[in-house]
Every structure is written in C-alpha cells, then in structure tokens.
Amino acid sequence: MARLPLANWNGEELPLEDVLVPVQDRAFFFGDAVYEAIRVYGGRAWLSQEHFARLSRSLELMRIEVDLAVIEQRTQETLEHSGVENGLIYIQVTRGAAPRTHYFPPEGTVPNVLVSVSELDGDPYAHLRTSGAKVITHEDLRWARRDIKTVNLLGNCMAAQAAREAGCAEAILISADGSLTEGTHTNLFGVSNGQLLTSPTGHHILPGITRSLVLRLAERAQVPVIERPLTIENVYSVDELFLTGTTTEILAVTEVDGRAIGNGPGPITQRLSATYHEAVREWLESAGH
Ligand code: PDD
C-alpha cells in the first residue's frame, strides 16, 4: 500500500511529505502557480475533463507552458498507484524556480508540476448534512481576477479563518457594491420563490465545476435559474441557501451571521443534492462499478 497522500513531483512518484520544493520557486515568493482540486469517487476522477479544461485556461491566462497530456497521464497513474477510492486529487503547476524578480523569469524556466492524491475518510461534511451549515459574511479582500485558479489565496484564507473563529463552516464574501460573490472555497446559490439565484461568471468569481453541474442538474429538474448575485440586502430573506464545491458537493446553509435561513435544509437544495448523488452513481455504473 502506498504511503498517502501519494505525489508525483515532476515525474517522480513519492509520498507527498517527501517532496522538496526549491526555495526559489515562484509559488513560494509570489504565489505564482495555478491549481485544481478534483474529487475521487469509486477510484475515479469525477468531472476530470472539466477540471483539466479549467486548468488549461488558468495556465494560458498566466502564460505558463506545460504539456497537459503529461499531467493528465501522471494524474491517472498516481490515482491508480494510490489505491484511493474516495479522495481528492490536487494538481499544482508553478512557473518554476528562478532568481526573484517581479517580472516573469527568463524563457527556459521550467514549471514545477505537483500531482497528489489523498484519501477522504467518508464525507468531510457529514456532520453538517442534516443540520445545514452556519456561515458568516465577510469583506471580499481578494484580487480582481478570481476566475483564474491561482494559489494566491490569502484573502480566502483570512475570511475562512474568521469563519472558523466564529464557529462557522464558511465565509461568504461581500464585494464593495454589496453583492455576494462566493465562499472562500465554494460557490453560492440562493432559492427565492422557487427560482435558483447565483452570481453569473466573470472575473469576480471562480467558475466552479460543481456550480456548472448544478446549473445542468437544475435544468434537468426544471428548476428555473437566474444568474444574478445575491446581495447583503436580500441574503437573509431567501427561502434556501447552499454552497457548492468539489469537496463540499451541495451543502445547505441554514444560518448567516446568526440569522436563520429557512427551517433546516430546504426542499430544492435537498432535491438537487439527491440528483448530484444520482449523477455520481450513474457515472460510476457506466464505468462498470
Ligand atoms: N476550491 N470558489 C472558490 C474560491 C474555490 O476555491 C472553489 C474550489 C470553488 C468551487 O469550485 P469547484 O466546484 O470547481 O470545486 C469556488 C477548491 C476545492 C479548493 O480550493 O480546495
């Protein structure tokens, strides 16, 4: 059995804790790297094509050149060698190691590529599935290109820490105009009068892979969707609220800033959550599980 999390660092397979990153790596100096987190169900990478398409876009926007086919192959191999059935794949590509300059390093600087596979002990949010999650609102302190999945996540970390100190599972972020963008590692949906509300994509949020799936599932379940952001004025009076994300899946929010939302996880949230798990089951069955 492989020692977990199992990593592949630039083509070499080894336990994650044994990976050594050169100190001049630009991810260390500048957060100059992009990443993806992919869920593993039944030993297979869920929605991997969508994740690799987003990784490709992030790399292109950051002008980091790597061979994605090689990363996909390493990901598949590391997953197989790990033996992980229920877990998480983390992929990070940095611009590489070079003497510290703010402008990009010379051509020929080789990106560093990490793939790692870790195991999840069941559902990390199991304790919140029946009650729903409590969240706080928090100022959105992040940079202006949140659509690029970079490891520059200090604004997210500060808000997540504030949530933790308040005994909450997540912080939802308020931009200067009072609209709610997303969570620190999740996208945000509301339900009002039977309609789903969520922020449209753009530079202000990460286009979540789970978010897109939920939009497709909503269409199938004939739940109307309006892509308009929730605001600090209307968030407390929606009928239902939920978060989406790779590890979070679909998680009901039942309290915002100490104020109750609905009466436990709402019916549309529960319906979409059930269709999410059906979609996973169908996909696993189609692969012979
Ligand atoms: N986070 N918004 C932000 C800021 C995120 O970091 C994430 C994912 C999401 C949800 O996206 P997706 O459905 O593609 O996971 C939204 C990952 C899980 C992380 O940082 O670990």
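These figures come from a predicted structure and were not determined experimentally.

A. Inspection of the site of the ligand at higher detail. Around the ligand, the surrounding shell holds 19 residues, and the nearest of these are Tyr 35, Glu 182, Ile 209, Thr 210 and Thr 246. Residue Glu 182 places a side-chain N or O atom 2.7 Å away from a nitrogen atom belonging to the ligand. Thr 246 places a polar side-chain atom, nitrogen or oxygen, 2.5 Å from an oxygen atom of the ligand. A total of 480 Å² of accessible area belongs to the ligand in isolation, and the protein chains cover 88% of it. A breakdown of the residues in the shell around the ligand according to their chemical character gives 4 nonpolar, 11 polar and 4 charged. Residue-level mapping places the shell around the ligand at the junction of two domains, with at least three residues from each of domain 1 (6-119) and domain 2 (126-284).

B. Broad picture of the packing of helix α2 (residues 48-62) against helix α3 (residues 68-82). It is at 11 Å that the axes of α2 and α3 come closest, and there the two elements cross at 140 degrees. Judged by the angle between their axes, α2 and α3 are oblique. When the axes of α2 and α3 are compared, the crossing they make is right-handed. Between α2 and α3, the contacting residues are Phe 52, Leu 55, Ser 56 and Leu 59 on the first element and Leu 68, Ile 71, Glu 72 and Thr 75 on the second. When its residues are assigned to classes, the contact of α2 with α3 shows 5 nonpolar, 2 polar and 1 charged.

C. Structural view of the domain arrangement of the chain. When its domains are assigned, the chain resolves into domain 1 (6-119) and domain 2 (126-284). Here the C-alpha centroids of domain 1 and domain 2 sit 26 Å apart. Each partner contributes residues to the interface: domain 1 has 25 residues there, and domain 2 has 23 residues. Contact with domain 2 buries area across many residues of domain 1, yet Tyr 35, Trp 46 and Arg 54 alone supply 32% of it, more than any other trio. At the surface where domain 1 touches domain 2, the tally comes to 3 salt bridges. Notably, a salt bridge pairs Arg 57 with Asp 147, separated by 3.0 Å at the nearest N-O pair. Where domain 1 touches domain 2, the interface holds 11 residue pairs in polar contact (both at pLDDT 80 or more).

D. Spatial organisation of the side chain of Arg 146. Secondary-structure assignment places Arg 146 in the loop between β7 (133-139) and α4 (154-165). At a separation of 3.1 Å, a polar atom in the side chain of Arg 146 contacts the main-chain carbonyl oxygen of His 204. With sequence-adjacent residues up to four places away left out, Arg 146 is seen in contact with Asp 140, Thr 181, Glu 182, His 203, His 204, Ile 205 and Leu 206.

About the criteria used
- Residues numbered from 1 in each chain as written.
- Predicted model: local features only at pLDDT ≥ 70, side-chain atom pairs only at ≥ 80, totals over all residues.
- Heavy atoms only, no water.
- Near = heavy atom within 4 Å.
- Polar contact = N/O pair within 3.5 Å; in protein donor to acceptor, adjacent residues only side chain to side chain.
- Areas by Shrake-Rupley, 256 points an atom, 1.4 Å probe, with all protein chains shown as cover.
- Nonpolar A, V, L, I, M, F, W, Y, C, P; charged D, E, K, R; others polar.
- Domains from an automatic or database assignment.
- Axes fitted to C-alpha atoms, helices over the stretch in contact; angles between N-to-C directions.
- Helix = DSSP H or I, 4+ residues; strand = E, 2+ residues; numbered from the N terminus.
- Parallel < 35°, antiparallel > 145°, perpendicular 65-115°, else oblique.
- Left-handed = near helix turned anticlockwise from the far one by under 90°.
- Contact = heavy atoms within 4.5 Å.
- Buried area = accessible area lost by both parts, 1.4 Å probe.
- Salt bridge = Lys/Arg side-chain N within 4 Å of Asp/Glu carboxyl O.

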